[in-house]
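Here is how the chains run, residue by residue.
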Amino acid sequence: TIRLFIHKNQLDSMLMQGNAFIATKENDKHFNQIKGRNMKGLFSNQQLQRVIVIGNGESIYYAKDSSGYIGMNRISCSHMLIRLDSNQLQKITFYEKPAGTIFPVNNLPEPETRIKGFKWLGHRRPKQVMKELF
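Residues numbered from 1 in each chain as written. Predicted model: local features only at pLDDT ≥ 70, side-chain atom pairs only at ≥ 80, totals over all residues. Heavy atoms only, no water.

### What about the overall build of the chain?
Alright, step 1. In terms of regular secondary structure, the chain is built from zero helices and seven strands.
Alright, step 2. The order of α-helices and β-strands along the chain, N terminus first, is β-β-β-β-β-β-β.
Alright, step 3. With respect to the three principal axes, the spread of C-alpha positions in the chain is 50 × 35 × 30 Å.
Alright, step 4. The buried share of the chain, reckoned over its 134 residues, is 30%.
Alright, step 5. Long-range contacts, defined here as pairs at least 24 residues apart, represent 48% of the contacts in the chain between residues at least 6 apart.
Alright, step 6. By element, 50% of the accessible surface of the chain is carried by carbon and sulfur atoms, the whole surface being about 9,300 Å².
Alright, step 7. Mean positive and mean negative side-chain charge positions of the chain (20 and 10 charges, respectively) differ by 6 Å. (Helix = DSSP H or I, 4+ residues; strand = E, 2+ residues; numbered from the N terminus. Buried < 20%, exposed > 50% of the residue type's maximum accessible area, 1.4 Å probe, protein only. Contact = heavy atoms within 4.5 Å. Areas by Shrake-Rupley, 256 points an atom, 1.4 Å probe, with all protein chains shown as cover. Lys, Arg positive; Asp, Glu negative; His and termini not counted. Charge placed at Lys NZ, Arg CZ, Asp CG, Glu CD.)

Have a look at this one:
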């Protein structure tokens, strides 16, 4: 379930309850993934600024530098705080005993590249951004 909250005709926050999941496509075979029991998103100027993962946090993301991919980072923790700027990830903070493994990109064990329940449904994504809410 995703609930969107509007304040003064602008997106204010969202709440994803029960098995919340966020995924982005890195390339044709790699997907960044975040999962948790619940997630709360906070907006500013119609842009998502923060996502708080509450309970059973899991994350898979592909770290890169100017020369390309460094590796795939898989982390489990209790809670996460994700900060974004212009729809780009800026920082993730992992809380309460994070446990993680970094895998080299050229040697990724297939089961480790997906969080349980992950399905890429790119064909079901909206093709255009709605400019106005009302």
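### Some thoughts on the confidence of the model for the chain
Alright, step 1. Put simply, the chain has an average pLDDT of 89, and 96% of its residues get 70 or more.
Alright, step 2. Element-level pLDDT for the chain is lowest in strand β6 (residues 88–95), with a mean of 90, against a maximum mean of 95 in strand β3 (residues 31–44). (pLDDT = per-residue confidence, 0-100.)

### Description of the environment of Gly-41
Alright, step 1. Here Gly-41 is to be found in strand β3.
Alright, step 2. Excluding residues that lie within four positions of it along the chain, Gly-41 makes contacts with Asp-12, Ser-13, Met-14, Leu-48, Arg-50 and Val-51.

### Brief notes about the nonpolar core
Alright, step 1. The biggest cluster of nonpolar side chains holds 17 residues, and the ones touching the most others in it are Met-39, Met-80 and Ile-82.
Alright, step 2. Sorting the residues of this core by element identifies β2 (10–25), β3, β4 (47–65), β5 (68–85) and β6 as the ones contributing at least two each.
Alright, step 3. Per-element tally for this core: the top contributor is β5, with five residues.
Alright, step 4. Counting five residues, the second largest nonpolar core, distinct from the first, contains Tyr-62, Met-72, Phe-103 and Ile-115. (Core = buried A, V, L, I, M, F, W, Y, C linked by side-chain atoms within 4.5 Å.)

### Regarding the side chain of Ser-59
Alright, step 1. Note on placement: Ser-59 falls in strand β4.
Alright, step 2. For Ser-59, a relative accessible area of 1% gives the class buried.
Alright, step 3. Among residues more than four places away in sequence, those in contact with Ser-59 are Gln-33, Ile-34, Asn-73, Arg-74, Ile-75, Met-80, Phe-94 and Ile-115.

### Details of the pairing of β5
Alright, step 1. With 14 bridges joining them, β4 and β5 adopt antiparallel strand pairing. Counterpart to Ile-54 in the pairing with β5 is His-79.
Alright, step 2. Linking β4 to β5, which pair antiparallel, is a turn of two residues.
Alright, step 3. Pairing geometry for β5 and strand β7 (residues 99–103), over five bridges, is antiparallel. Residue Asn-73 lies in a different strand from β7, and its bridge partner there is Ile-102.
Alright, step 4. As judged from the seven bridges shared by β5 and β6, these two strands associate in the antiparallel manner. From the neighbouring strand, Leu-81 faces β6, where its bridge partner is Thr-93.
Alright, step 5. Between the end of β5 and the start of β6, which pair antiparallel, lie two residues, with Ser-86 showing a positive phi angle near 55°. (Pairing = 2+ DSSP bridges.)

### Description of the packing of aromatic side chains
Alright, step 1. With the rule as written, the count across this model stands at four aromatic pairs.
Alright, step 2. For the pair Phe-21 and Phe-118, a centre-to-centre distance of 6.1 Å together with 40° between the ring planes defines the contact as tilted. Highlighted residues: Phe-21 in strand β2 and Phe-118 in the segment after β7, separated in sequence by 97 residues.
Alright, step 3. Given the relative accessible area of 25%, Phe-21 is considered partly exposed.
Alright, step 4. Residue class for Phe-118 comes out buried when judged on its relative accessible area of 14%.
Alright, step 5. The interplanar angle of 50° and the centroid separation of 5.2 Å between the aromatic rings of Phe-31 and Phe-118 together place this pair among those described as tilted. Of this pair, Phe-31 sits in strand β3 while Phe-118 sits in the segment after β7; the two residues are 87 residues apart in sequence, bridging distant segments of the chain. For the pair Phe-31 and Phe-118, a shared accessibility class is recorded, and that class is buried. (Phe/Tyr/Trp six-rings, centres within 6.5 Å; stacked < 30°, edge-to-face > 60°.)

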